[in-house]
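Summary of the model geometry
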Amino acid sequence: MNPVKTSLRWWEWSALIAILLMAAALRMGAPGITEFKRDEANLSQLALNLVEGRDFPLLGIRSSVNVPNPPLNVYLFALPYAVDHTPVTATLFVGALNVIAVALTIALARRYYGVISGLVAGMLYAASPWAVIYSRKIWAQDLLPPFIVATVFMGLLGYGENKRWARWLHWPLLAITVQIHYGAFTLIPLSLLMLALWRPRVNWRTLGIGIGLAALTGIPVLIGAIQNDLFSLDTIRDGLDQNEAHERVISTTALDYARLTVAGTDIHSLAGPEQFQNYLDSVPDVYGVFDLIPLAAIIAAGWLLWRVGKQKTARTSPDGVLVAWLIIPVIAFTWEWTEVAPHYMIPLMPAAYILCGVALAALARIKVGQVRTILLSLGGSAIMVIAGLQIYLFVALLDFLDTHETPNGFGTPLHYLLDVRAEVLAHDPNDVIVISDQEKAPYEEIPAVWGVLLDDVPSVRFVNGSRTAVIPAGESVELVARVPDPADDTAARRANFVVRPAQTQLDLENLTAIDPVRFANGATLTGCAINLENVILRYELDGSITEDYQVFIHALDANGARVSQIDRMGWPGHYWRAGDTLFLWFGMVLPPQTVSLYIGMYITDGVNYENAAVIDAQGAYVDQGATITLDTFTQ
């Protein structure tokens, strides 16, 4: 191939700097207006565990296809978290990487298609709403763009231009990119295409070194997969079964997602089903204009394919590679072997914008009178107008998301959470109890999020306040993390989070002390109450445990027969502290014939059950549970 080798002129330097500054402002400006939900929190927690030396993860968080991701994205996020423990630094890190992606796209387009192509590609990529959205979040797929462009660039340099060092780099870059997020597997056929196109330049020794380096990058995930038995037939079968609900059909879903992603339309979806129309009503209806971008990319791709067939440019230019870069992700998901998501189209976005640059550069070569000038002026003006409108719509969306409740859409912006975090840390607490309707990280969102945000606090515990309460033995800060009410349209999101000193406001006037019942797991039942809808138990705890116990109550009649029963998860054992008082609510209405309650605790793996034995003061076994007669306490 014959790359364009001209030095940058002053006006090109100016345009390049302006584009990169615009890309940086959109991707890194207002970093607090970003989502920080369960996936972001769990990925951040793994990175923090690595930074703090608590764990060396060999697998990442689970993917949408029910298998764990490789840990490379965790290792990358460990870099910003080593600098600062707040998600803001990690968010800026993602934005910075995506600015590099814009710069690499400009460099690739300019090298092979000239100055106009480079600047047009850079302008469209920098302003693209979805490219910006996928640059502002702690998501594995948001790390992809610079690695995608670098992988393709190294392939073109290595095989198209016969540069050995680039061939060495191409294969480990490909391995790293696919491990960051499996959606980048669509680059693999692109690499094979470059091997086929420039086969005479394939040096098998160099190829072997490159593939060997690529294999080395996969050692952590290989060890993690073996340790977690991911290669067993049972694990593979379970993974396939979990995806059985998805109907495997040939559809246009991938094509539709490719179009809207490249065009920058449908960004109103972030506002959620209840608010998107309010956002659309606040901005001009210009989505139709944005569709000119994928249209230009398709026309340019068709022209390049014609040129490959007519002028035999497949081995003398990156034409065929560029077109394949655009279409392979669409083809890969046209048969829906898994549920298709818009972010699977991230890999093709740079190719689409380079193709738009190729289209405008082609107009510059027209030599018919004033036609060239007119077409260039129209094309350049259209790009500037579209980019300007895209920036306007995105900035308006960002403001809307920051000032409106968006149920089932964009999550609470990070900066509101960080304000609450600052208030909590101002107490310099040794223990924080977070009360919401959730208590199990990493599976539930609020514990996952606040576990990361309060990672520097020695002890952070989570209580499902709808059925559990705890009075800590020592001083503690209580954070009430209420779930936002979808009917509440207030912009004051911070009102969803309240910080106050540890206290109890339990309505337990009818709680009656009973003779203590000591369990072998360190919980002592000391009180019980019954009202019209609930049975409430009080326990005193003597320290943390490793198991999570279920608690049961059997209602017994005068003959000792069970007339009603209820089981529920207690409180995660690793949250227990010596001296804590634990209250558990059971939504249980006792039948009239009930004369006593049989109460106990057990652990289970789903097949086997093991009760926590009742023991005496000397630790000797007494029974599998405790029987308390109703006349023991006031109803």
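Residues numbered from 1 in each chain as written. Predicted model: local features only at pLDDT ≥ 70, side-chain atom pairs only at ≥ 80, totals over all residues. Heavy atoms only, no water.

1. Some thoughts on empty space enclosed by the protein
- Tallied over the full model, the rule gives 1 cavity of 30 Å³ or more.
- Each pocket or cavity is described by its volume, and for the largest cavity that value is around 60 Å³.
- R27, N98, A101, Y125, A131, Y134, S135, P145, I346 and M349 are the residues that line the largest cavity.
- When the residues that make up the lining of the largest cavity are grouped by side-chain class, the tally is 7 nonpolar, 2 polar and 1 charged. (1 Å grid on protein atoms, 1.4 Å probe; cavity = no way out; pocket = protein on both sides within 12 Å on 5 of 7 lines; lining within 4 Å. Points joined across faces, edges and corners; volume = space filled by probe spheres on them. Nonpolar A, V, L, I, M, F, W, Y, C, P; charged D, E, K, R; others polar.)

2. Quick look at the pairing of strand β7 (residues 523-530)
- Burial of β7 is extensive: 8 of the 8 residues sit out of reach of the surface.
- With 4 bridges connecting them, strand β6 (residues 512-519) and β7 associate as antiparallel partners. Bridging across to β7, R518 finds its partner in T524.
- Two successive antiparallel strands, β6 and β7, enclose a turn made up of 3 residues, where G522 displays a positive phi of approximately 100°.
- Across 7 bridges, β7 lies against strand β8 (residues 535-541) in antiparallel orientation. Bridging across to β8, G527 finds its partner in R538.
- A loop of 4 residues connects β7 with β8, the two strands running antiparallel in sequence. (Buried < 20%, exposed > 50% of the residue type's maximum accessible area, 1.4 Å probe, protein only. Helix = DSSP H or I, 4+ residues; strand = E, 2+ residues; numbered from the N terminus. Pairing = 2+ DSSP bridges.)

3. Concerning the packing of aromatic side chains
- Tallying each qualifying case throughout the model produces 18 aromatic pairs.
- Between the aromatic rings of F185 and W337, the centroid separation amounts to 6.1 Å while the plane-to-plane angle is 75°, which identifies the pairing as edge-to-face. Residue F185 is located in the loop between α8 (164-180) and α9 (187-197), and its partner W337 is located in the loop between α17 (319-334) and α18 (349-364); the two are separated by 152 residues in the primary sequence.
- On the basis of relative accessibility, which here comes to 26%, the residue F185 falls in the partly exposed class. (Phe/Tyr/Trp six-rings, centres within 6.5 Å; stacked < 30°, edge-to-face > 60°.)

4. Points about the packing of α9 against α17
- Viewed as axis vectors pointing N to C, α9 and α17 meet at an angle of 160°, and their least axial separation amounts to 10 Å. One element, α9, and the other, α17, form an angle in the roughly antiparallel class. The interaxial crossing formed by α9 with α17 has right-handed handedness. Contacts between α9 and α17 involve L187, P189, L190, L193, M194 and L197 from the former and G320, V321, A324, W325 and I328 from the latter.
- Across the contact of α9 with α17, the residue classes tally to 10 nonpolar, 1 polar and no charged. (Axes fitted to C-alpha atoms, helices over the stretch in contact; angles between N-to-C directions. Parallel < 35°, antiparallel > 145°, perpendicular 65-115°, else oblique. Left-handed = near helix turned anticlockwise from the far one by under 90°. Contact = heavy atoms within 4.5 Å.)

5. Digging into unusual backbone geometry
- Note the cis peptide between A441 and P442, where omega equals 5°.
- When you line up the elements, P442 lands in the loop between β1 (431-436) and α21 (445-453).
- The backbone of A30 shows a phi angle near 45°, a positive value even though the residue is not glycine.
- The topology assignment puts A30 in the loop between α1 (10-28) and α2 (38-51).

6. Some points on the nonpolar core
- Membership of the largest hydrophobic core comes to 188 residues, with the highest contact counts inside it found for W325, V434, W450, V535, L537, Y539 and L597.
- For this core, the element with the highest residue contribution is helix α4 (residues 87-113), accounting for 12 residues.
- Once residues lying within four places of it in the same chain are set aside, the contact partners of W325 are L108, I148, V152, L187, L190, P347, L348, P350, A351 and I354.
- One finds L511, A529, I536 and F583 within the second-largest nonpolar core, a separate group that totals 5 residues. (Core = buried A, V, L, I, M, F, W, Y, C linked by side-chain atoms within 4.5 Å.)

7. Some details on the confidence of the model for the protein chain
- For the protein chain, per-residue confidence averages 90 on the pLDDT scale, and 91% of positions sit at 70 or higher.
- Averaged pLDDT values over the elements of the protein chain bottom out at 36 in strand β5 (residues 497-501) and peak at 98 in helix α6 (residues 129-133).
- Contacts from residues 483-506, a stretch scored under 50 in pLDDT, to residues over four places away or in other chains number 61 contacts. (pLDDT = per-residue confidence, 0-100.)

8. Describing the packing of α1 against α4
- At their nearest, the axes of α1 and α4 sit 9 Å apart, and the two run at 150° to each other. On the basis of the axis angle, α1 is roughly antiparallel to α4. For α1 against α4, the interelement crossing comes out right-handed. On the side of α1, the interface is formed by E12, L16, I19, L20, A23, A24, R27 and M28, while α4 contributes L92, G95, A96, N98, V99, V102, A103, I106 and R110.

9. Details of the sheet that holds strand β14 (residues 614-615)
- With antiparallel pairing, 7 strands are arranged side by side in an open sheet as β3-β11-β8-β7-β6-β14-β15. Looking along the sheet, the strands with just one partner apiece sit at the ends: β3 (468-471) and β15 (621-623).
- Here β3 pairs with strand β11 (residues 581-586) via 4 bridges, running antiparallel. Bridging across to β11, T468 finds its partner in L584.

10. Some remarks on the layout of surface pockets
- Taken as a whole, the second largest pocket spans an internal volume of roughly 970 Å³.
- Lining the second largest pocket are 40 residues; nearest its centre among them are E35, K137, W139, Q141 and H343.
- Of the residues that constitute the lining of the second largest pocket, the class distribution is 19 nonpolar, 10 polar and 11 charged.

11. A few points about the side chain of E12
- Topologically, E12 is positioned in helix α1.
- On the basis of relative accessible area, E12 is assigned to the buried category, the value being 2%.
- Only 2.4 Å separates the side chain of E12 from the side chain of R110, close enough to count as a polar contact.
- Filtering out sequence-adjacent residues up to four positions away, E12 remains in contact with S7, R110, V115 and L119. (Polar contact = N/O pair within 3.5 Å; in protein donor to acceptor, adjacent residues only side chain to side chain.)

12. Thoughts on the side chain of T261
- You can see T261 is positioned in helix α13 (residues 253-263).
- Each residue touching T261, except ones within four places of it in the same chain, is listed here: S128, W130, Y134, P342, M345, M349 and Y353.

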